[in-house]
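# Results of the structural survey
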Amino acid sequence: MQKTREQILERLASEPATGPNLANDLGISRAAVWKHVEALRDSGFVIASDDDGYVLESVPEFGADAVEFGLDVPFEIEYHERIESTNARARELAGAGDENVVVLSDTQTGGRGRLDREWVSPSGGIWLSVLIRPTVPTFDAPVFTLAAAVATVQALEETGVDAGIKWPNDVLVGNRKVAGILTEMEGEADRVSWLVVGIGINANVDIGKLPTDRGVTSLEAETGPVDRRAITQRLLSAFYQLQQRPDDILTAWRTHAVTLGQRVRVTTPDGEVVGNAVDIEYPGVLLVETETGRERVTVGDCEHLRPAA
Ligand code: BTN
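Residues numbered from 1 in each chain as written. Predicted model: local features only at pLDDT ≥ 70, side-chain atom pairs only at ≥ 80, totals over all residues. Heavy atoms only, no water.

### Some thoughts on the sheet that holds strand β6 (residues 163-166)
This is how the line gets drawn: A pair of strands is considered paired only if DSSP assigns at least 2 bridges between the two. Numbering of helices and strands runs from the N terminus; a helix is a DSSP stretch of H or I covering at least four residues, while a strand is a stretch of E covering at least two. Where helices are involved, their axes are fitted lines through C-alpha atoms of the stretch in contact, as for all axes, and angles between N-to-C directions lie from 0 to 180°.
Strand order across the open sheet formed by seven strands is β3-β4-β5-β9-β8-β7-β6, with mixed pairing between neighbours. Of all the strands in the sheet, the pair left with one neighbour each is β3 (76-83) and β6. Strand-to-strand twist in this sheet, taken as the mean axis angle between neighbours without regard to direction, amounts to 20°. Of the strand pairs in this sheet, strand β8 (residues 176-188) and strand β9 (residues 191-201) are connected by ten bridges, and their pairing is antiparallel.

Structural data, given as structure tokens:
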């Protein structure tokens with residue numbers, strides 16, 4: 001967000017302020033203050049003017065300025081009402097050399113999931129892609145997907161829903177999927193050039209618009225309408241903090257995992273692995289105890305089975 005607008009909002013968040021006071025404190029003209037206030041009103045901030053001066057009455061429900069205002073980590077938000085896919089847009093930005101940008105949209109018309117599946121993305125969701133350039137070898141990349149799943153679960157904690165992670169990166173409420181993560185990257189063997197971590201949360205999404213036959217749900221259906229701005233801010237903040245402490249990601253993932261301790265069937269490119277999921281290993285390998293010994297599974301679709309009779 002434009003720096004002066006951010007400063008005006010910060011001032012008004014604590015108390016009302018007059019135009020002349022703001023002009024004086026920020027070292028700009030009263031006309032410039034008025035112009036910035038008008039711009040903030042245009043992006044949805046409700047700023048009344050009364051005898052005390054300007055009063056911040058409400059913040060928009062969603063959007064770039066809404067999410068950037070009060071965000072405690074250094075991501076810039078690019079917001080779209082409608083876009084084909086936030087991951088596709090973030091890849092474009094990666095090609096242009098950007099980093100630490102979050103592409104956020106209310107609707108996606110061509111959202112993609114893992115294995116190139118369709119990701120249904122109606123209005124009311126949180127569809128976002130974080131573009132980062134971590135200085136790590138490509139081997140480490142999967143751990144950022146785990147971090148995104150942990151950050152998503154942590155962001156949902158305050159909504160009251162009890163979410164858990166199904167390996168590697170599905171966020172479930174009960175046994176229904178409420179969020180998914182698709183990470184894409186470019187790099188050479190020893191170095192990641194960029195990572196796009198795409199996160200889709202079925203937030204205020206009408207359940208009738210989701211493919212419920214595929215076992216999905218929305219936060220709205222589980223708990224009623226949620227504050228998308230707060231969830232997005234908490235998610236980005238948690239993801240950024242985990243990025244700074246990669247050694248903590250696995251521990252946090254284990255805390256929220258619903259797969260560990262379960263009997264699972266993982267469909268991998270080399271066939272099925274059936275057994276008990278016992279642990280996860282860096283950077284995201286699932287350890288499965290099978291009848292013939294311990295298997296290390298790096299990629300696949302995981303299904304939770306009922307315990308063997
Ligand atoms: C999955 O579980 O299959 C992953 C779903 C990832 C969906 C998100 S929504 C935001 C971003 N843009 C996309 O096109 N996909 C990801």
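### A look at the packing of helix α6 (residues 142-156) against helix α8 (residues 228-244)
Heads up, the rule is: We call two directions roughly parallel when the angle between them is under 35 degrees, roughly antiparallel when it is over 145, roughly perpendicular when it lies between 65 and 115, and oblique otherwise. A crossing counts as left-handed when the near helix is turned anticlockwise from the far one by less than a right angle, and as right-handed when that turn is clockwise. Contacts are assigned to residue pairs that have any heavy atoms within 4.5 Å of one another. Nonpolar residues are Ala, Val, Leu, Ile, Met, Phe, Trp, Tyr, Cys and Pro. Charged residues are Asp, Glu, Lys and Arg, and all others, Gly as well, are polar.
Closest axis-to-axis distance for the α6/α8 pair is 8 Å, and the angle between their directions is 140°. The angle between α6 and α8 falls in the class oblique. Remark: the crossing between α6 and α8 carries right-handed chirality. Listed contacts from α8 to F144, A147, A148, V150, A151, T152, Q154, A155 and L156 of α6 are I231, R234, L235, A238, F239, L242 and Q243. Grouping the constituent residues of the contact of α6 with α8 by class yields twelve nonpolar, three polar and one charged.

### Here we look at the domain arrangement of the chain
Rules: In this entry, domain limits derive from an automatic or database-based domain assignment.
Domain boundaries assigned for the chain yield domain 1 (3-58), domain 2 (64-256) and domain 3 (262-307). Computed over C-alpha atoms, the centres of domain 1 and domain 2 are 33 Å apart.

### Brief notes about the pattern of salt bridges
Under the convention used in this document: Each reported salt bridge corresponds to a side-chain nitrogen of Lys or Arg within 4 Å of a carboxyl oxygen of Asp or Glu. With a 1.4 Å probe rolled over the protein chains alone, any residue whose accessible area is under 20% of its type maximum counts as buried; one over 50% counts as exposed, and the rest are partly exposed.
Under the definition given, this model contains 21 salt bridges. Residue D170 is joined to K177 by a salt bridge in which the shortest nitrogen-to-oxygen separation is 2.9 Å. When its relative accessible area of 9% is taken as the criterion, D170 is described as buried. With its nearest N and O atoms 2.5 Å apart, the salt bridge here joins E281 to R296. In this pair, E281 sits in strand β11 (residues 271-281) while R296 sits in strand β13 (residues 293-297), placing the two residues 15 residues apart along the sequence.

### A closer look at the layout of surface pockets
Selection rule: Site definitions follow a grid-based scheme: protein atoms alone, a 1 Å grid, a 1.4 Å probe that fits but cannot get out for cavities, and for pockets an open set with protein on both sides within 12 Å along at least five of seven lines, plus lining residues having an atom within 4 Å of a point. Grid points are joined across faces, edges and corners, and a volume is the space filled by probe spheres set on the points.
Taken as a whole, the largest pocket holds about 950 Å³ of empty space. Considering the residues around the largest pocket, the lining is formed by 45 residues, among which W119, D170, K177, R214 and V216 are closest to the centre. In the lining of the largest pocket, the residues fall into 16 nonpolar, 17 polar and twelve charged. Each of two domains, domain 2 (64-256) and domain 3 (262-307), supplies a minimum of three residues to the lining of the largest pocket. In this structure, the second largest pocket spans a volume of roughly 500 Å³. Listed by contribution, the elements that provide at least two residues to the lining of the second largest pocket are α6 and β8. With four residues, β8 is the single largest residue contributor to the lining of the second largest pocket.

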